[in-house]
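The lines below spell out each chain.
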Amino acid sequence: MVNDSFPLHKKLKVWERDSGALHSVSESKPFMGSVLDWTQSGAKIALVYDRKEEKQCPSVALFEKNGLERSSFSINEAIDVTLEFLKFNCNSDLLAAVVRGETFDTLKIWYFSNNHWYLKQEIRYLKEDGIKFMWDLTNPLKLMCWTLDGRVISYKFVWVTAVTDNSIAFVVDASKVLVTPFSLSLMPPPMYFLKLEFPSAVRDMAFSSKISQNHLAASLSDGSLCIVELPPLDQWDDLEGQTFKIEASYSGTEYGPMLHLSWLDSQVILGVSHFDEDVHRGYYLHEIEISCSDYRSPGSVTCSGWHAEISHQISLEGVVIGIAPNQLISCSAFVQFDGGKMFEYTSKLGGLQRCDDMAFLSSCPWMDATLVGEKPLLFGLDDNGRLHFERSVLCNNCSSFSFYSNSGEGMMTHLVITTKQDYLFVVDVGDIVHGQLEQKYGNFLPVVVRKKTGENENVFVHLWEKGAQIIGVLHGDESAVILQTPRGNLECVYPRKLVLASIFNALAQGRFRDALLMVRRHRIDFNVIIDHRGWEAFVESAADFVRQVNNLSYITEFICAIKHEDIMETLYKNYVSLPCISGDKSSKTIIDGDKKVYSVLLSIRKALEEQIEETPARELCILTTLAKSSPPVLEDALKRIKVIREMELSTATDPRRKSYPSSEESLKHLLWLSDTEAVFEAALGLYDLSLAAIVALNSQRDPKEFLPLLQELERMPPLLMQYNIDLKLERYESALRHIASAGDSYYEDFISLMKKVPELYPLGLQLIGGDSSKRQQVLEAWGDHLDATKCFEDAATTFLCCFCLDKALKAYRSCGNWMGVLTVAGFMKLGKDDVLQLARELSEELQALGKPGDASKILLEYCGDVDGGVSLLVDARNWEEALRVGFLHRRDDLILVVKNASLECATLLVGEYNEGMEKVGKYLTRYLAVRQRRLLLAAKIKSDELSLGYPDDETASQASSNFSGMSAYTTGTRRGSSASTTLSTSTRGRGRQRNRGKIRAGSADEEAALVDHLKGMSLSEGGKIELKSLLISLLMLGEEDTARKLQRTAEKFQLHQIAAVKLAEDAGSTDNIDEQALTLDHYTQSVRKQVLNSDAFSWQSKVLL
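Predicted model only: the values in this text are computed from it and were never measured. (Residues numbered from 1 in each chain as written. Predicted model: local features only at pLDDT ≥ 70, side-chain atom pairs only at ≥ 80, totals over all residues. Heavy atoms only, no water.)

Moving on: the overall build of the chain. The helix and strand tally for the chain stands at 35 helices and 41 strands. Here the C-alpha atoms of the chain give a radius of gyration of 46 Å, more than 25% beyond the 32 Å that 2.2 N^0.38 yields for 1105 residues. A total of 1105 residues make up the chain; the buried ones form 48% of that total. Of the roughly 54400 Å² that the chain leaves accessible, carbon and sulfur atoms contribute 49%. In the chain, 120 positive and 149 negative side-chain charges are present, and the distance between their average locations comes to 5 Å. (Helix = DSSP H or I, 4+ residues; strand = E, 2+ residues; numbered from the N terminus. Rg over C-alpha atoms; globule rule 2.2 N^0.38 Å. Buried < 20%, exposed > 50% of the residue type's maximum accessible area, 1.4 Å probe, protein only. Areas by Shrake-Rupley, 256 points an atom, 1.4 Å probe, with all protein chains shown as cover. Lys, Arg positive; Asp, Glu negative; His and termini not counted. Charge placed at Lys NZ, Arg CZ, Asp CG, Glu CD.)

A sheet is described by the order of its strands in space; here four strands give the open sequence β23-β24-β25-β26, paired in antiparallel fashion. Lying at the two open borders of the sheet, with one neighbouring strand each, are β23 (258–265) and β26 (306–316). If you compare each strand with its neighbour and ignore which way they point, the axes differ by 25° on average. Bridge analysis of strand β25 (residues 282–292) against β26 gives 10 bridges, and the strand direction is antiparallel. Its bridge partner being in β26, Tyr-283 is matched across the sheet by Leu-316. (Pairing = 2+ DSSP bridges. Axes fitted to C-alpha atoms, helices over the stretch in contact; angles between N-to-C directions.)

Turning next to the pairing of strand β27 (residues 320–325). Counting buried positions over the six residues of β27 gives five, a clear majority of the element. In textbook terms, the turn of a hairpin is the stretch between consecutive antiparallel strands, and for β27 and strand β28 (residues 332–337) this stretch comprises six residues, one of which, Cys-331, has a positive phi near 55°.

Given 3.6 residues per turn, any residue in an α-helix points the same way as the ones three and four places further on. Turning to helix α5 (residues 512–522), its buried residues are Phe-512, Ala-515, Leu-516, Met-518, Val-519 and His-522. The buried residues of α5 occupy an angular sector of 160° when the element is viewed end-on, so they sit on one face. Among the structural elements, α4 (496–508), α6 (528–531), α7 (535–540), α8 (542–549) and α9 (552–560) are those in contact with the buried residues of α5. Note on α5: the residue one or two positions beyond its end, Arg-523, has a positive phi of about 55°. (Arc of directions from axis to C-beta. Contact = heavy atoms within 4.5 Å.)

In this section: the nonpolar core. By size, the foremost hydrophobic cluster in this structure holds 56 residues, and its most contacted members are Tyr-913, Leu-1027, Leu-1030 and Leu-1046. Looking at this core, the elements that each hand over two or more residues are α27 (866–875), α28 (879–888), α29 (892–946), α32 (1006–1016), α33 (1021–1036), α34 (1040–1068) and α35 (1080–1091). Looking at this core, the element that brings in the most residues is α29, giving 16 residues. Filtering out sequence-adjacent residues up to four positions away, Leu-1046 remains in contact with Ala-906, Leu-909, Val-910, Tyr-913, Leu-1027, Leu-1030, Leu-1031 and Leu-1034. Judged by nonpolar contacts, the second largest core, of 43 residues, contains Tyr-761, Leu-822, Ala-839 and Leu-846. (Core = buried A, V, L, I, M, F, W, Y, C linked by side-chain atoms within 4.5 Å.)

All right, on to the packing of aromatic side chains then. Per the stated rule, a full pass over the model turns up 23 aromatic pairs. Geometrically, the ring pair formed by Phe-379 and Phe-389 is stacked, given 4.9 Å between the ring centres and 20° between the ring planes. Of this pair, Phe-379 sits in strand β32 (residues 375–381) while Phe-389 sits in strand β33 (residues 387–389), placing them 10 residues apart in sequence. Looking at Phe-389, the relative accessible area reads 6%, which means it is buried. Each member of the aromatic cluster is reached from another via a ring pair, and the members are Phe-512, Phe-526, Phe-538, Phe-545 and Phe-558. If you follow Lys-120 out to its NZ or CZ, it ends over the ring of Tyr-118, 5.0 Å from the centre. (Phe/Tyr/Trp six-rings, centres within 6.5 Å; stacked < 30°, edge-to-face > 60°. Lys NZ or Arg CZ within 6 Å of the ring centre and 35° of its normal.)

Covered by surrounding structure in strand β13 (residues 132–135) are Phe-133 and Trp-135 only, the residues Lys-132 and Met-134 on the alternate face being uncovered. Pairing analysis gives four bridges linking β13 to strand β14 (residues 142–146), with the strands arranged antiparallel. The residue of β14 that forms the bridge with Phe-133 is Cys-145.

Turning to the sheet that holds β14, a few remarks are in order. On the basis of which strands lie adjacent, the open sheet formed by three strands has the order β13-β14-β15 and antiparallel pairing. What marks the edges here is a single partner per strand, and that holds for β13 and β15 (152–156). Taking each pair of neighbouring strands and ignoring which way they run, the sheet shows an average axis angle of 20°.

Moving on: a nonpolar patch on the surface. On the surface, Met-134, Leu-137, Trp-146 and Val-152 cluster together into a nonpolar patch covering about 430 Å² of accessible area. Mapped onto the secondary structure, Met-134 falls in strand β13. The class of Met-134 is partly exposed, set by a relative accessible area of 41%. (Patch = residues over 30% accessible without salt bridge, like charges linked within 9 Å, V, L, I, M, F, W, Y side chains within 5 Å. Salt bridge = Lys/Arg side-chain N within 4 Å of Asp/Glu carboxyl O.)

This next bit is on the side chain of Ser-219. Turning to its location among the elements, Ser-219 is positioned in strand β20 (residues 213–220). Given a relative accessible area of 1%, Ser-219 falls into the buried group. Engagement of the side chain of Ser-219 in a polar contact is seen with the backbone nitrogen of Met-258, the distance being 2.8 Å. (Polar contact = N/O pair within 3.5 Å; in protein donor to acceptor, adjacent residues only side chain to side chain.)

In a pair of packed helices, the angle between the axes and the distance between the axes together describe the arrangement. At a minimum axis distance of 8 Å, the contact between α27 and α28 shows a crossing angle of 160°. One element, α27, and the other, α28, form an angle in the roughly antiparallel class. The handedness of the crossing between α27 and α28 is left-handed. Here Val-866, Val-870, Leu-873 and Val-874 of α27 come into contact with α28, specifically with Trp-879, Glu-881, Ala-882 and Val-885. Classifying every residue of the contact of α27 with α28 by side-chain character gives seven nonpolar, no polar and one charged. (Parallel < 35°, antiparallel > 145°, perpendicular 65-115°, else oblique. Left-handed = near helix turned anticlockwise from the far one by under 90°. Nonpolar A, V, L, I, M, F, W, Y, C, P; charged D, E, K, R; others polar.)

This part covers the confidence of the model for the chain. Predicted confidence across the chain gives a mean pLDDT of 83, with 90% of residues reaching 70 or more. Across the chain, element-level confidence peaks in α5 with a mean pLDDT of 95 and bottoms out in helix α31 (residues 978–991) with 35. Every residue in residues 578–591 scores below 50 in pLDDT, and together they form 31 contacts with partners more than four places removed in sequence or on other chains. Across residues 948–990 the pLDDT falls below 50, and counting only partners more than four positions away or on other chains, this stretch makes 63 contacts in the model. (pLDDT = per-residue confidence, 0-100.)

Quick look at the structure:
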C-alpha cells in the first residue's frame, strides 16, 4: 500500500518478485490500513475498503495483479467496525477475516460461487479475547484461532448440502436463507424462489417434512434459535419472490449457538452446544421441545410466536461428528462421535445406547440414515472419500452420495454416488444388502466394470464437468439427480436406471398413463410397457391402458412402436433385476414375436371399440392397429374403408356418418402406414376390382401399370378371375379350389398347379372325390415328385397306392429297403431265378453301403450261401450269430474262422484300450497345466487392475498364449498287417465316440477342447454291445483267459476315461488347483466304487470279474 495525496486514499502497487520492477499500480482507493492477502495462485488480491465517507460499512474488494478491480462485496456490519487479518485458505476458495466491533469481535468466513460471495460462517467472541486466526497450510477446511488468555481453538468445517427429501434446497448467506423447491423450479443460487431473513447470521439449520408440515430450525450466531413453518409444496405458488422476516423463538434458558441440529419429531429438536464456563464447561446434547402460540394460517409462512424449551440435556465426553434421525423409531436419532463410534439416542429413554454394529471405521462428517424394509441403514463419507456402511467400506473414491426412492414415499431403493474420477453410479440398495457390489460395480472403477459386464450405461454415467457433486434427487416419477458444478450452476440428469425404476414402479401400480408420459419424456422404448411383465399380462390390462391414457395420439404413437422382440431380454436385459419387478414377472419363455404383436394390437383394438366413443380419430387409430399387426390385417382394414365408402355413396342419411373419417382420408392413412403394393394386393384379394382401382389411384401408381390388369380380370368369368388373382397373390390353396370348381375343361390347369406347388397334392385328392382315374393320375404324379426329391420311402408307398409296382420296387431299392424290394417282387410274381439274381444284387449293394449284417441275412435266407453269410456276420462283429449259424449247419471250418477272427479282434481291442489310456493321461496332464497357468494369469491381471494398471485385451491375449506354451497331441500308434489295420479302424469307429475337432495349443478355447476330447473317448453304446458279444463268444470258444484280459483292459480304460472327465470338471469349477488331491489314480479309485455296478458297465460278464 502506498499513500496517495488524499489523506484516506491509497494505491495498490505490485512489484515483480524476481527483478523488483514495478509491475502495476491501481487507482487511488480508500483502502483500510494495510489489510490484504494473495490467493495461492497469485491471480487475485483481497483488500478492504473504508467507506465511512459514504456512511457505509467496510467492504472487501478483489483485485487482479494488474491493478484492476475484479469484484467487491459488503461485510454488512456497522459503519465504525474495522476489519483485520484477511486471509485465504490454502485452496483460495474460502476467505476469512476478523471484524472488530464495539461490543464483540466476529470471525467471518466467505465463499465465492456463481459470481457471488456468501457469508457461510460467523463466530462471535468477546472483545477481551482479542481473537486471531490462521488457516491450516494443507487442510483447506481447518482453521486455528487463539485468544489473549491462551486458549487455542481448532475449527474443522464441513460442506453440508441442504436439500431435503422432498427436494427443497436451502442456501445460507449471512442472515438470509435462500429457499428453492427443485420440484417447482431449478434455479441456481444466488437466485431463489423465496427468502427468509433472520436477526443474525445463520450457523446451522435443519429441516423436517412430515406429511403436510414443513419445519425449519436455524441456530444463529447470537445464540438464538429460530423456527419457521412452511406450507405444503402444492401451496407455494403465491410465495414466489417474497421475503419473510423471522423472529427468534422465546426461551427461558441460554444454551448458546447449537450445531448438528436435527428434527426428531415435528415438535422436538436435537442439537449440540458448547459452554466455556467453568461450571458447565464441555459439550452438551439438548432435546428441545417446540411450540407456537400464534395462530397458524393454512398456506402461509409462520415466522413468529415460537417457544423453545430444553426438555432434556446430556453431558457429552467427546466431540460429536454428526446426528441422523432414525426413521424407524419416533423421537430417536443416531449420534456419531469422533472415530466413527455410533450411539442411539431415544427421547423416552433419555440416554445414549452404543451401536457397535452400525459404527464406522473412521469419522464421517457426512452421515445419513435411510430406511430399507424394516431396518435403518447408516451410510457415512469420510474426508478421504471412503463410503462406510456397517463397519465396512463400500467405495474408496466417493465424492458425494444421496438416496433415491422410486415410490417417493420414504422407502429408499437406490444409492447414487459420484466418484473422484467424475463418474456417477446408481446402485441398487438390494445389491448392498446382499453383498453384490464387487461383482456388479467393480469397486466403482469404470474400467473394471466394463471388463466385468461389457455394459456401462446401466451402471455409471460419465459426468461432463470435473468436480460436480450430488446435491439432491427428485424422487418418484421425476427420477432426476441434481448436480452442482464447482462454478455454482445446477444441472439435472436423468440416469437411465432411475428412469426405468420409476417406470417399472408406475406399471407395477397400474399407472399406465404416468408410465407412458415418462416413456415419451425420456425417449424410452414404448415396448417396456408391454414387456416388463410379459405381453400376456399386458393383453389382460389393455382396457385399463386405453381408459387411463385416453389420448388417441399417444395410443397411435404407442401402436406404431410395438416390436416383435422382448426388449427386457435385449435392450434392457441389464435392468430386469430391479426390485420393483423381481418376483412379479412370470417365468420367461421363448415367445413368438408375431403372436405378441397380433395379440397386443387385437386387445387394444377391442379396448378402443369398448372404451372410446366413435370419432374419426378413433377409426384412424383402429386402422393403425390393423396396419401394424403382424402380419398386417389389411383386408379387414379395407373392409372397414369399404363400409365407409358405401355410407358416402348411400342416398339415405346415416347418423353414424359423422363418427367416421372420409374414405379418402382413411385410405390415405392406411397407405401411409403400410406398403402400397401390399394394400393393392389386399384389395385384389377381396376380388373387388373397383376398390383395387381406388387404392392404385391414391397410391399414385401409373395407370398404365394397373389398368390393363384390372381390365383383363374384369373380362374373365368370376371363378377364373378369382383363380388368376389367387395365382398372382400366391394363394395357391384358394386358387386350386377355384380352378377345381371351374369344371373339367380346366383339369390340365388343375394338375399343372399341383405339379408347380407339390404341397397341394393332399388338397387335390380331397377335391377330386371318388373319381378313381383322376385319383390314380394325381397319386402317380405325387409319387414322381417324391421320387425326384429323393423321398424314396414315401414315393414307394404312394406308388403302391396307385399300383405302379415297377416304380415302387425302384423307389425301395433306391433307399436300401431290401425287405420292401423283395416284398414288391413277390407282388410282381417274379420267377425264382429272377428273385435269386435280385437278392445277390441287393447283398452286394448292402455290403457297399456298410451293412454287412443285412447282406448276410439275404445270403442265408434267399441265396443259401452259408460261407458268405458267416463271413459277413464276422465283418458285422455279430459273433454270437456267426457261431449260431456255424453250429446250425455243423460246419467246423466256419467255427474255426469265427474263433480266429474273434481272437484277432480281441488282441487289437486290447492294444487300442491301452493306447487310449495313454492318451487320457496325456490330455489330462495338459489340461491341468493349462488350467493352472491360466489361473495364475487371471490372478496377475486382477492384481494389475486393482492397482489401476489395466492391460488392453490384445496384451492379455498375448500373455495367455505365452503362458499356455506349445504341445503336440499326436502319439504313435501300433501298426500290423493290412487286415488287422482295417479291422482296428472299423472297431475303433464303433467302440469309441469320435473326437470333436482339433486342439489348438495356446488358443483361448484349449481347455474346453481338451475336456471335449476326453468326453469323446468314452465307449459308445454300439461299442458296448459289440464288446459284450465278443466276450460271450470267446467264452463259448473256451478262450476264457483272452476274454478276461479283454474285459479287464476295457474296464480299466473306461474307469480312466470317466475319472479323467470328472477330475477335469472339478478342476474347472475351482480357482485353486490342489496337485495332491487332483490325481488320476485317486479319482479312478473313487469312480470304481461309484459306477462299477452301474448301467455304464452292463457289458461286463460276471464270471470274468
